[in-house]
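Letter by letter, the chains look like this.
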Amino acid sequence: MTKQGSAQTLVILGASGDLTARLLLPGLGALLAADALPVTLIGAGMDDWDAARWQERVATAFGEHGKAEAAARTLDGTRYVRADVTRAEDLRGLLDSADGEVSIFFALPPSVTVKACEALCELGLPEGTRLVLEKPFGTSASSAASLNRLLTRLAPEERIHRVDHFLGKSTVLNILGLRFANRIFEPLLGSEHVESVDIVFDEQLALEGRAGYYDKAGALADMIQSHLLQILALLTMEAPLSLDPRVFRDATAEALRATRLWAGDAKESSLRARYAGYAEEPGVDPARETETLAEIVLAVDNWRWAGVPFRLRSGKALGTGRKEAVITFKAPPRIPDGFRGPDTPDRLRISFGPDRLALDFDINGPGDPFVLDPVTLEAEFAPGELPPYGEVLRGVFENDPLLSVRGDTAEQCWRIVEPVTSAWRAGEVPLQEYAVGSSGPAGSLLTSGGDSPH
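Conventions we followed
- Residues numbered from 1 in each chain as written.
- Predicted model: local features only at pLDDT ≥ 70, side-chain atom pairs only at ≥ 80, totals over all residues.
- Heavy atoms only, no water.
- Helix = DSSP H or I, 4+ residues; strand = E, 2+ residues; numbered from the N terminus.
- Rg over C-alpha atoms; globule rule 2.2 N^0.38 Å.
- Buried < 20%, exposed > 50% of the residue type's maximum accessible area, 1.4 Å probe, protein only.
- Lys, Arg positive; Asp, Glu negative; His and termini not counted.
- Charge placed at Lys NZ, Arg CZ, Asp CG, Glu CD.
- Pairing = 2+ DSSP bridges.
- Polar contact = N/O pair within 3.5 Å; in protein donor to acceptor, adjacent residues only side chain to side chain.
- Contact = heavy atoms within 4.5 Å.
- Phe/Tyr/Trp six-rings, centres within 6.5 Å; stacked < 30°, edge-to-face > 60°.
- Salt bridge = Lys/Arg side-chain N within 4 Å of Asp/Glu carboxyl O.
- Axes fitted to C-alpha atoms, helices over the stretch in contact; angles between N-to-C directions.

**Quick notes on the overall build of the protein**
Of the regular secondary structure elements, the protein holds twelve helices and 16 strands. Whereas a compact globule of 454 residues would reach a radius of gyration of roughly 22 Å, the protein reaches 23 Å, a difference of no more than 12%. Along the longest, intermediate and shortest principal axes, the C-alpha atoms of the protein span 80 × 50 × 35 Å. Burial statistics for the protein: of 454 residues in total, 53% are counted as buried. Seen as two clouds, the 46 positive and the 65 negative side-chain charges of the protein have centres 3 Å apart.

Here it is as structure tokens:
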């Protein structure tokens, strides 16, 4: 583990891109303000930027955090290098100028990341170099396996950080704490008591100028194959012996190995759609038929969860932003005659951003004690001290892989969704359309929008 005060160099490949400005640099600024790490920052990209423009980008992204001593030092010493990150000679110059422990952040499209890694293989890396990669990790199970083989030529697995910023440390620990630090919910979480589980990430935002990446990925790869499957693993894994990264990642991998498409039928267990007008967005190729909303139904075939449908959904340009996991419990075996009121199931809701817990259930309401009324108990989870990318970078600098996706797990995530991608490419599941600002297409597979696939 990195000691406090150890010299670090962060090299960002693709430093002039949107990801760097919107998420990575603000996270770094917050981390420097909190931890006072000595970090040298080197940005590299194809854009012909001068020192002043790069300094302005970093200063803007740091915001108020730039006033902290460590952040101010990093800002004062940062530099930008115009480089073709797929050329070995350009990369050699970058690495020769790096001091201390080096972390290379690939803020690049997947295909460019592969080319950059191939170029790095020609050089060899300084001892102890860490590689930090953004999702998606490959485009299929076979390509993910190929990428993993390439990466392990450069660095051992423990120094490869496949980051998923959706799983900030507070979110991970909040879910594990909810499940395993009390006796209230955990005994109920399984097929004996749970009817279904929905994991949803709906956004009101549309494409927002991200066609260069999004039109090649789509909702399934952008959110479900990566982020939402990781949430599924947290909800279904057995209790790990400890929060040691190796033990924890073994438990999540075991849960994902048990996961498969419901009934193995993509036509019945998946849905794809795009919002009206998406095909006319700048940079979009309509022939790709990229989905902006995806739903899939999965089964977790282990002793605890067999028979429970897990519905995962993510969509853009919807009327309501919804980011939550909803556990719907089975109905009581029998309600005594004489009670009246809504026949609504009990639900446990875990919201992401802000992290919040809510429990929906029925009790005797005010007035007539024979009438059952729905109520909700709510609680806020403790927020993390850092934004997600600050937590990711702290894990990188400390060489703590708790928040990193292990290589075999990345391959499992692709294995889970490949029956869906194959069916979609073959045209077996039609591409529907929905209005901007609506609730999505008709025939939703979610608990609130369709029948159970039992």
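**Let's talk about the pairing of strand β13 (residues 347–351)**
Judged by how many residues are buried, β13 sits mostly within the fold: four of five residues are covered. With five bridges joining them, strand β12 (residues 322–329) and β13 adopt antiparallel strand pairing. Bridge pairing in β13 places Ala325 opposite Ile350. Bridge count for β13 against strand β14 (residues 356–364) is five bridges, and the pairing is antiparallel. Each bridged residue has a counterpart across the sheet, and for Arg347 the counterpart in β14 is Asp360.

**What to know about the side chain of Ser314**
Looking at where Ser314 falls in the secondary structure, it is placed in strand β11 (residues 309–315). Under the relative-accessibility criterion, Ser314 is labelled buried at 3%. A distance of 3.0 Å separates a polar atom in the side chain of Ser314 from the backbone oxygen of Phe201.

**Some thoughts on the environment of Leu125**
Relative to the elements of secondary structure, Leu125 occurs in the loop between α5 (110–123) and β5 (130–134). Taking C-alpha positions, Leu125 is 49 Å from Ser191, a pair spaced 66 residues apart along the chain. Setting aside residues up to four positions removed in sequence, Leu125 forms contacts with Leu95, Ile104, Leu120, Leu131 and Leu154.

**Some remarks on the packing of aromatic side chains**
Counted by the stated rule, this structure contains five aromatic pairs. Between Trp54 and Tyr80 the ring centres are 5.7 Å apart and the planes differ by 40°, which places this aromatic pair in the tilted class. On the criterion of sequence distance, the pair formed by Trp54 in helix α2 (residues 51–62) and Tyr80 in strand β3 (residues 79–82) is long-range, its members being 26 residues apart. For the pair shown, Trp54 and Tyr80 are each scored as buried. Where Phe105 meets Tyr389, the ring centres are 6.4 Å apart and the plane angle is 40°; that geometry is what we call tilted.

**Examining the pattern of salt bridges**
Per the counting criterion, the structure on display carries 27 salt bridges. With a closest N to O distance of 3.2 Å, Glu186 and Arg179 form a salt bridge. Of the two residues, Glu186 and Arg179, neither departs from the other in class, the shared state being buried. Arg406 serves as the salt-bridge partner of Asp408, at 2.8 Å between the closest nitrogen and oxygen. Taking the relative accessible area as the measure of exposure, Asp408 reaches 32% and is therefore partly exposed. A single network of salt bridges, built from pairs that share partners, joins Arg179, Glu186, Glu238 and Arg304.

**A few points about the sheet that holds β5**
Within the open sheet, the six strands sit side by side as β3-β2-β1-β4-β5-β6. Their pairing is parallel. The open sheet has two free edges, formed respectively by β3 and β6 (160–163), since each of these has just one partner strand. For this sheet, the mean inter-axis angle between neighbouring strands, taken without regard to orientation, is 20°. One ladder, built from six bridges, connects strand β1 (residues 8–13) with strand β2 (residues 39–45); its direction is parallel. Bridge pairing in β2 places Ile12 opposite Gly43. Set on the sheet, helix α4 (residues 88–96) makes contact with β1, β2, β3 and β4 (101–106); between it and β1 the angle comes to about 155°.

**Some remarks on unusual backbone geometry**
In this structure, Pro136 follows Lys135 across a cis peptide bond, with omega equal to 0°. Summarising the element assignment, Pro136 is placed in the loop between β5 and α6 (141–154).

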